[in-house]
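Structural overview for review
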Amino acid sequence: MTERPDRPADRALLLTFDDRHVRAWAAAAPLFTSYGARVTFFVCEPDRLDRDEVRLLRRLADDGHTIGCHGLRHERAPEFVAAHGAGAYLDREVVPALDGLRRLGFPARAFAYPCSARDQNTDRLLLTLFERLRGGVPVGRRADPSLAAELHVPARELADRRVLLGCSVDSGRGTLAYGDDLGGVEAALRRTAEHGGVTTLYAHCVADAHEANHVTPARLEKLLAAADGMSLPCVGFDELP
Ligand SMILES: [Zn+2]
C-alpha cells in the first residue's frame, strides 16, 4: 500500500473484479465510494471495449481504482503454453492485452489469471511483465474457516509475495447459486484486520442476476461493511508496496 498519512498502510482487503463488465462496475462505483473503497478491475478483451466502456473505465481509474490485465481472449495460461509454447502465449495472449490497455491509458501493472489457472512456469513468465499476479484458491473451500491461513498474507511477507491467491465471493452464475456461507472469507478478513497484511477476494459482474458469474450488490455491500467495521481499508493492487 502507498504510504499516505491519512490511512493505515499495514493492512488491507484487496477486492478484485474480472472480465469485461464495465457498465455494471461503473454502476457499483457509488457503493465503493460510500465505503471509501478502492478496488481492482482485471479487464480481458480490451480491444472489444466500446467508447462508452473506455470512458467509464477511465472514470473508475480517476476515482482511484486500479485497472489490471486479464488476457486478450481469456485463455488458460498453462494450457495455452502447453499447446503453443511460452513465446506464443506472451505474443498472442498477454502482450496484445497489455498494449491494448496501455494505449487506453492504463498502465496495468498487475495480471489476474483467467480461471485462476496457473503454474510456476507461467508465474515466472508473467512476472517479467507484471509486478503482481492474482491466482485463486478452490472456490469450494470458501465456507471453511481454515481457509483464512491460506488467504491471509502477513504484512512482512507482502513485499516478496508476487502471486496473491484470491477467493471467489460471487453469488452465482445464471440460475446457479453458489451458497451464502463465506465463513472462510470472513475468517480471513478478521485475521487480516487483527494481524495486518492483506486478503484478496474476487468476483465478476455486479448484478442481482446475470448469466455470467456475478456478485449481488447486497453481498458486496455486506463485505464492504464487514471490512469497514473491522477498520480494514479496501485498496487496489497498484497501492501495494
Ligand atoms: Zn475471467
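From a predicted model like this one, the values you see are computed outputs, not experimental measurements.

1. Section: the nonpolar core
The biggest cluster of nonpolar side chains holds 63 residues, and the ones touching the most others in it are Phe17 and Tyr89. In contact with Tyr89, other than residues within four places in its own chain, are Ala77, Phe80, Val81, Val94, Phe111, Leu125 and Leu126. Grouped together as the second largest cluster of nonpolar side chains are 12 residues, Leu14, Phe42, Val153 and Val198 included.

2. Here we look at the coordination of the zinc ion
Those protein atoms acting as donors to the zinc ion are Asp19 (OD), His70 (NE2) and His74 (NE2), and they sit at 2.0 to 2.1 Å. Each donor residue of the zinc ion lies on one chain, and together they are spaced D-x50-H-x3-H. Of this pair, Asp19 sits in strand S1 (residues 11–19) while His74 sits in the loop between strand S3 (66–69) and helix H3 (77–84), and the two are 55 residues apart along the sequence. Residue classification places Asp19 among the buried residues on the basis of a relative accessible area of 16%.

3. Notes on the confidence of the model for the protein chain
Low pLDDT marks stretches whose predicted atomic positions should not be read closely. On average, residues of the protein chain carry a pLDDT of 95, and 96% of them reach 70 or more. In this model, residues 1–8 is a region of pLDDT below 50 whose contacts with residues beyond four sequence positions or in other chains number 18 contacts.

4. Things to note about the environment of Val215
Within the secondary structure, Val215 is located in strand S12 (residues 213–215). According to the relative accessible area criterion, Val215 is buried, its value standing at 0%. Each C-alpha atom, one on Val215 and one on Tyr202, is 9.4 Å from the other, the two residues being 13 residues apart in sequence.

5. Some remarks on the layout of surface pockets
Here the largest pocket is characterised by a volume of approximately 270 Å³. Every residue lining the largest pocket is counted, 17 residues in all, and those nearest its centre are Cys115, Ser116, Tyr202, His204 and Asn213. Mapped by element, the contributors of at least two residues to the lining of the largest pocket are S1 and strand S5 (132–136). When grouped by side-chain class, the residues that make up the lining of the largest pocket number six nonpolar, seven polar and four charged.

6. A few points about the packing of aromatic side chains
When we look at a pair of aromatic rings, we describe it by the centre distance and by the angle of the planes. Counted by the stated rule, this structure contains eight aromatic pairs. Between Trp25 and Phe41, the ring centres sit 4.8 Å apart and the planes meet at 25°, which makes this aromatic pair stacked. Separated by 16 residues along the polypeptide, Trp25 in helix H1 (residues 22–34) and Phe41 in strand S2 (residues 40–43) bring together distant segments of the chain. Take Trp25 and Phe41: they sit in the same class, and that class is buried.

Analysis parameters
Residues numbered from 1 in each chain as written. Predicted model: local features only at pLDDT ≥ 70, side-chain atom pairs only at ≥ 80, totals over all residues. Heavy atoms only, no water. Core = buried A, V, L, I, M, F, W, Y, C linked by side-chain atoms within 4.5 Å. Buried < 20%, exposed > 50% of the residue type's maximum accessible area, 1.4 Å probe, protein only. Contact = heavy atoms within 4.5 Å. Donors = N, O, S within 2.8 Å, 3.2 Å for Na, K, Ca; no water. Helix = DSSP H or I, 4+ residues; strand = E, 2+ residues; numbered from the N terminus. pLDDT = per-residue confidence, 0-100. 1 Å grid on protein atoms, 1.4 Å probe; cavity = no way out; pocket = protein on both sides within 12 Å on 5 of 7 lines; lining within 4 Å. Points joined across faces, edges and corners; volume = space filled by probe spheres on them. Nonpolar A, V, L, I, M, F, W, Y, C, P; charged D, E, K, R; others polar. Phe/Tyr/Trp six-rings, centres within 6.5 Å; stacked < 30°, edge-to-face > 60°.

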